[in-house]
Amino acid sequence: MCCPGCEAVAQAIVDSGFSDNYRSRTSYANTADAGGALVPPELRLFDAEEEQQRYATVGDDNLREAVFSVEGIRCAACVWLIERRLARLPGVAQAGMNVATERLHLRWDPARCKPSDVLQSMRQVGYTAYPFDPVRQGAQLQKAGRKLFRQLFVAGLSMMQVMMYAVPVYLATDGTMDADMETMMRWASLLLTVPAVVYSAQPFFAGAWASLRSRSPGMDVPVALGIGAAFIGSVAATLRGHGDVYFDSVTMFIFLLLCSRYLEVIARRRAATALERLQHALPASATRLAGYPGNVADEVVGAAQLQAGDVIRVRPGEAFAVDGVLIDGETSVDLSLLTGESRPQHKRSGEAIPGGAINASQPVLLRVSRAVAESTLSTLVKLIERAGQGKPQLALWADKVAGWFVIALLILAVTVFAVWWLIDPSRAWPIAIAVLVVSCPCALSLATPSALAAATDALLRQGVLVIQPHVLETLHRATHIVFDKTGTLTEGRPVLQSCDLLDGAAKPERPDGTDNARRDHALQLAAALEASSLHPLARAFTQAASSLPPLTAQAAGSVAGEGLWGAIDGTTYRIGRHDFVAALVGLPLAQPGSDDGASTVYLGRAGAWIARFALSDALRPEAAEVVAYFRRAGKEVRLLSGDRQQTVDRIAAQLGIANAFGAQLPDQKLAHVQALQAQGAVVAMVGDGINDAAVLKAADVSFAMGSGAALAQTHADTVLLSGRLDAVSCAARTAGRTMAVVRQNLWWASVYNLVAIPAAALGWLNPWMAGVGMSLSSAIVVANALRLSRIAHRRQ
């Protein structure tokens with residue numbers, strides 16, 4: 001039987017008493033083709049509404065969206081062919097093929113198109129597609145990789161053996177080899193070349209046939225024509241007993257071109273490793289505590305069955321299956337997969353943990369906060385998959401040029417053959433073959449996507465998720481870098497900046513009577529009063545005093561918007577606004593504070609002012625270096641914030657930003673950016689991702705500080721998963737390197753073809769030399785792009 005399905009059907013027929021069917025039938029039933037493609041009735045199964053609910057979603061415009069795995073991808077030409085084929089299909093709104101992950105992102109109108117129409121259209125051009133299944137796709141990628149390696153091995157073995165017979169013929173130019181011996185050498189070379197042409201060259205012939213059937217000549221067409229013409233011409237010369245043979249050139253060309261294809265596959269696999277790591281990070285099952293907190297019983301359930309409110313046990317070394325909150329125990333968690341941060345982070349009871357994090361130390365209990373499909377990691381996977389759907393302008397230009405290039409090359413080859421037939425018929429055939437072989441449209445189409453795939457994968461390992469395809473290209477051209485303040489240049493939470501002692505700051509009962517001891521005592525008093533408050537300023541005091549012995553406030557109370565009071569060691573204290581504390585102190589403040597943009601909090605008791613605290617949103621440690629980097633790069637840095645102008649000016653002065661604008665509402669930020677764009681500026685915006693949604697969407701390229709569920713709401717082109725601001729400068733450096741590599745690749749591919757094709761047309765290159773040049777050209781482009789995967793790690 002060809003498959004278990006046919007075996008099951010045959011057994012059912014026999015068991016039902018109809019075994020004579022196999023004797024009385026007039027013909028054999030249709031079977032699956034060699035590629036394992038599904039027959040049309042099975043394709044129609046994907047049209048069922050219940051089935052589409054499993055693998056497709058409905059967008060805001062009522063279009064269906066789904067991700068399909070595609071088998072048979074050989075090179076960038078396949079992407080071009082698939083996209084052009086589906087673009088002609090009625091009802092298909094968008095078809096984007098990601099060459100790195102070998103997945104098709106499809107949007108279609110269910111009223112005009114069905115999934116079976118798409119899958120059948122793919123079959124007609126030689127590709128098998130099915131709704132994305134990570135297990136099946138992983139097995140298929142391994143199978144395709146092994147087959148390509150076998151084809152490479154057979155081609156290499158054939159090349160070496162043919163060379164053993166070809167070299168003596170080349171050396172025997174003085175007539176020392178007998179005619180019978182030379183004939184034997186030719187026949188031996190023919191027999192050794194057949195496996196390479198019939199088996200190893202299958203990808204080129206299959207790709208050429210598929211592109212011709214779709215009336216879109218691709219890059220495999222000249223390759224297949226070159227191999228076929230050289231082999232047929234050599235067979236004819238062998239049968240006639242005279243004329244030139246090119247068996248050595250054919251086997252060498254197949255081997256070298258497969259080498260470049262194999263290198264390209266490795267590059268694609270490497271570019272997809274980040275996505276694969278995320279997809280396999282979430283465990284398939286989890287240990288749920290049924291009956292918690294009463295009669296608890298452990299049960300192993302599928303991660304997809306977990307619902308909000310469930311409690312699960314996570315042991316050391318296991319991954320957290322879903323997002324949740326620790327309810328028992330404390331542990332260290334490894335978030336490197338999500339943020340790029342290699343150091344484990346300590347988590348206590350009550351803190352949130354995203355799905356995909358690794359429990360590094362102690363067993364803990366986690367209360368599920370959202371289902372697997374809505375988890376942080378699932379959101380990341382969706383964003384990454386979306387990142388590969390589009391193409392930057394450079395890639396679109398290269399694809400367009402490569403498409404016309406193939407047609408022009410075929411016309412040129414025919415013209416060259418006709419001209420040389422008039423000049424020297426004996427050289428017309430090998431020169432036309434050399435023209436077909438030497439061209440390298442593959443290098444032209446690989447120049448941009450290979451570089452972008454390597455760069456975006458390297459950035460993802462650094463905690464930078466590139467969503468839109470134009471990010472690196474546009475960031476490199478940016479003239480203005482615009483930062484939001486709160487949560488971007490700053491930590492987004494108040495921090496105690498200073499403690500000024502006032503006249504009533506009495507010396508505590510300690511051996512050390514220095515100002516430091518008096519400040520510590522004032523900080524202890526403030527922390528004791530603020531201990532019962534949930535205000536952000538209160539947390540700043542408790543964190544600042546965390547290393548000091550705690551004091552306890554009795555009879556504590558508060559007035560909203562004013563401050564707090566309490567009794568410590570029998571003395572009543574107040575902390576808060578100036579007027580609130582002054583009502584208890586009863587004395588004017590001899591040392592008024594200056595309004596420098598920081599929040600000022602006073603501490604006092606009856607008859608004495610004790611201390612004045614300055615709190616402000618602390619700058620990120622890396623903010624100054626990031627701003628300095630862009631200024632050194634010649635970019636104009638601007639600061640837009642909704643905070644008071646005094647606060648914004650203080651931050652700008654610390655960072656050296658000349659243009660800072662405060663009291664900016666969201667619509668004012670948007671107008672500011674649009675005004676810059678109207679003047680010809682290319683604007684990069686860095687914000688918090690949600691509050692700045694409008695301006696992030698309007699900017700030419702945008703970055704959002706990403707975390708948790710907020711990822712799904714971001715309107716930015718890039719998400720900084722690490723939460724570190726220096727990821728922006730890392731992306732800028734990578735953009736510069738990427739564009740340099742893209743220009744190098746395009747320059748090399750263009751110059752190579754401009755030099756090599758005329759040289760081949762003039763008869764200066766033999767077919768084997770043309771094959772070496774074509775293969776090396778593709779290999780150089782891919783190897784140059786792979787350099788981008790070695791991006792240096794940021795300073796931690």
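Values in this document were obtained by computation on a predicted structure and should not be read as measured data. (Residues numbered from 1 in each chain as written. Predicted model: local features only at pLDDT ≥ 70, side-chain atom pairs only at ≥ 80, totals over all residues. Heavy atoms only, no water.)

### Comments concerning helix α9 (residues 202-213)
Working step 1: The end-to-end C-alpha separation of α9 is 16 Å, in line with the 16 Å expected for 12 residues at 1.5 Å each.
Working step 2: The complete set of buried residues in α9 reads Pro203, Phe204, Gly207, Ala208, Ala210 and Ser211. For α9, the buried positions fall inside an angular range of 165° around the axis, keeping them on one side. (Helix = DSSP H or I, 4+ residues; strand = E, 2+ residues; numbered from the N terminus. Expected span 1.5 Å × (residues − 1). Buried < 20%, exposed > 50% of the residue type's maximum accessible area, 1.4 Å probe, protein only. Arc of directions from axis to C-beta.)

### Things to note about the packing of aromatic side chains
Working step 1: This structure, assessed with the given rule, holds nine aromatic pairs.
Working step 2: Ring plane angle 70° and centroid distance 6.2 Å describe the contact between Phe231 and Phe247, whose orientation is recorded as edge-to-face. With a gap of 16 residues between them, Phe231 in helix α10 (residues 220-240) and Phe247 in helix α11 (residues 247-271) connect regions that are remote in the sequence.
Working step 3: Its relative accessible area of 1% is what places Phe247 among the buried residues.
Working step 4: One aromatic cluster in this structure is built from Phe417, Trp421 and Trp429.
Working step 5: Between Arg574 and the ring centre of Phe580, over which it is positioned, the NZ or CZ distance is 4.4 Å.
Working step 6: The ring of Tyr629 carries the charged tip of Arg733 above its face, separated from the ring centre by 5.2 Å. (Phe/Tyr/Trp six-rings, centres within 6.5 Å; stacked < 30°, edge-to-face > 60°. Lys NZ or Arg CZ within 6 Å of the ring centre and 35° of its normal.)

### Digging into the side chain of Asn359
Working step 1: Of note, Asn359 is situated in strand β13 (residues 358-359).
Working step 2: Only 3.0 Å separates the side chain of Asn359 from the backbone oxygen of Val314, close enough to count as a polar contact.
Working step 3: Those residues in contact with Asn359 that sit more than four places away from it in its chain are Val314, Arg315, Pro316, Gly317, Glu318, Phe320, Thr331, Ser332 and Val364. (Polar contact = N/O pair within 3.5 Å; in protein donor to acceptor, adjacent residues only side chain to side chain. Contact = heavy atoms within 4.5 Å.)

### Let's talk about the pattern of salt bridges
Working step 1: As enumerated under the stated definition, the model contains 13 salt bridges in all.
Working step 2: A salt bridge links Asp484 to Lys669, with the nearest nitrogen and oxygen atoms 3.2 Å apart. Here Asp484, found in strand β16 (residues 480-484), pairs with Lys669, found in helix α25 (residues 666-678); they are 185 residues apart in sequence, far enough to count as distant.
Working step 3: Judged by relative accessible area, which is 5%, Asp484 ranks as buried. (Salt bridge = Lys/Arg side-chain N within 4 Å of Asp/Glu carboxyl O.)

### Observations concerning a nonpolar patch on the surface
Working step 1: Together, Phe149, Phe153, Leu157 and Met160 line one region of the surface with nonpolar side chains, adding up to about 420 Å² of accessible area.
Working step 2: Mapping Met160 onto the fold places it in helix α7 (residues 134-171). (Patch = residues over 30% accessible without salt bridge, like charges linked within 9 Å, V, L, I, M, F, W, Y side chains within 5 Å. Areas by Shrake-Rupley, 256 points an atom, 1.4 Å probe, with all protein chains shown as cover.)

### As for the side chain of His672
Working step 1: Inspection of the secondary structure assignment puts His672 in helix α25.
Working step 2: A residue is classified by how much of its surface remains accessible, and His672, at 15% relative accessible area, is buried.
Working step 3: What His672 contacts, discounting residues up to four positions off in sequence, is Arg638, Leu640 and Phe661.

### Observations concerning the environment of Ala284
Working step 1: Topologically, Ala284 is positioned in the loop between α12 (273-279) and β6 (285-290).
Working step 2: Taking the C-alpha atoms as reference points, Ala284 and Ala303, 19 residues apart in sequence, are found 5.4 Å from one another.
Working step 3: In this structure Ala284 touches Val301, Gly302 and Ala303, once residues within four positions along its chain are discounted.

### Brief notes about a positive patch on the surface
Working step 1: A cluster of basic side chains, namely Lys143, Arg146, Lys147 and Arg150, defines a positive patch on the protein surface.
Working step 2: Accessibility expressed as a relative area gives 53% for Lys143, which makes it exposed. (Lys, Arg positive; Asp, Glu negative; His and termini not counted. Charge placed at Lys NZ, Arg CZ, Asp CG, Glu CD.)

### A few points about the pairing of strand β4 (residues 103-108)
Working step 1: Judged by how many residues are buried, β4 sits mostly within the fold: six of six residues are covered.
Working step 2: Side chains Arg103, His105 and Arg107 project from β4 onto one buried face, and the interleaved Leu104, Leu106 and Trp108 project onto a second face that is buried too.
Working step 3: Where strand β2 (residues 64-71) lies against β4, six bridges are found, and the strand directions are antiparallel. Note that in β4 the partner of Ser69 across the bridge is Arg103.
Working step 4: Two elements, strand β3 (residues 92-98) and β4, share six bridges in a ladder whose sense is antiparallel. Residue pairing across strands places Gly96 opposite His105, the latter belonging to β4. (Pairing = 2+ DSSP bridges.)

### Describing the pairing of strand β14 (residues 364-368)
Working step 1: The element β14 is largely enclosed, with a buried count of four among its five residues.
Working step 2: Pairing of strand β8 (residues 311-314) with β14 involves four bridges; the strand directions are antiparallel. Pairing of Arg313 across the sheet is with Leu365, part of β14.
Working step 3: Here four bridges tie strand β9 (residues 324-328) to β14, and the two strands are oriented antiparallel to one another. Across the sheet, residue Val325 finds its bridge partner in β14, namely Arg367.

### Focus: the nonpolar core
Working step 1: Of all hydrophobic cores here, the largest spans 47 residues; its most connected members are Phe483, Leu489, Phe630 and Leu639.
Working step 2: With 10 residues, the top contributor of residues to this core is helix α27 (residues 726-761).
Working step 3: Not counting residues within four places of it along the chain, the set of residues in contact with Leu489 comprises Phe483, Asp484, Leu619, Arg620, Ala623, Val627, Leu639, Leu655, Ile657 and Leu725.
Working step 4: If you look at the next biggest cluster of nonpolar residues, it comprises 45 residues, including Val223, Ile431, Val435 and Val438. (Core = buried A, V, L, I, M, F, W, Y, C linked by side-chain atoms within 4.5 Å.)

### Structural notes on the sheet that holds strand β10 (residues 331-334)
Working step 1: Reading across the sheet, the three strands line up as β11-β10-β13 and stay open at both edges, with antiparallel pairing between neighbours. On the outer flanks of this sheet lie β11 (345-347) and β13, each paired with one strand and no other.
Working step 2: Direction of pairing for β10 relative to β13: antiparallel, over a ladder of two bridges. Residue pairing for β13: Asp334 is matched across the bridge by Ile358.

### Topic: the packing of α9 against α10
Working step 1: Two elements in contact, α9 and α10, have axes whose closest approach is 8 Å; the angle formed by their N-to-C orientations is 125°. Taken together, the axis directions place α9 and α10 in an arrangement best described as oblique. Judged by the twist between their axes, the crossing of α9 over α10 is left-handed. Contacts from Pro203, Phe204, Phe205, Gly207, Ala208, Ser211 and Leu212 of α9 reach α10 at Asp220, Val221, Val223, Ala224, Ile227 and Gly228.
Working step 2: Of the residues in the contact of α9 with α10, the class split is nine nonpolar, three polar and one charged. (Axes fitted to C-alpha atoms, helices over the stretch in contact; angles between N-to-C directions. Parallel < 35°, antiparallel > 145°, perpendicular 65-115°, else oblique. Left-handed = near helix turned anticlockwise from the far one by under 90°. Nonpolar A, V, L, I, M, F, W, Y, C, P; charged D, E, K, R; others polar.)

### Describing the sheet that holds β14
Whenever strands of a sheet pair, they do so through backbone hydrogen bonds, lying parallel or antiparallel.
Working step 1: Spatially, the six strands line up as an open sheet ordered β7-β6-β8-β14-β9-β12, and their pairing is antiparallel. Of all the strands in the sheet, the pair left with one neighbour each is β7 (297-302) and β12 (352-353).

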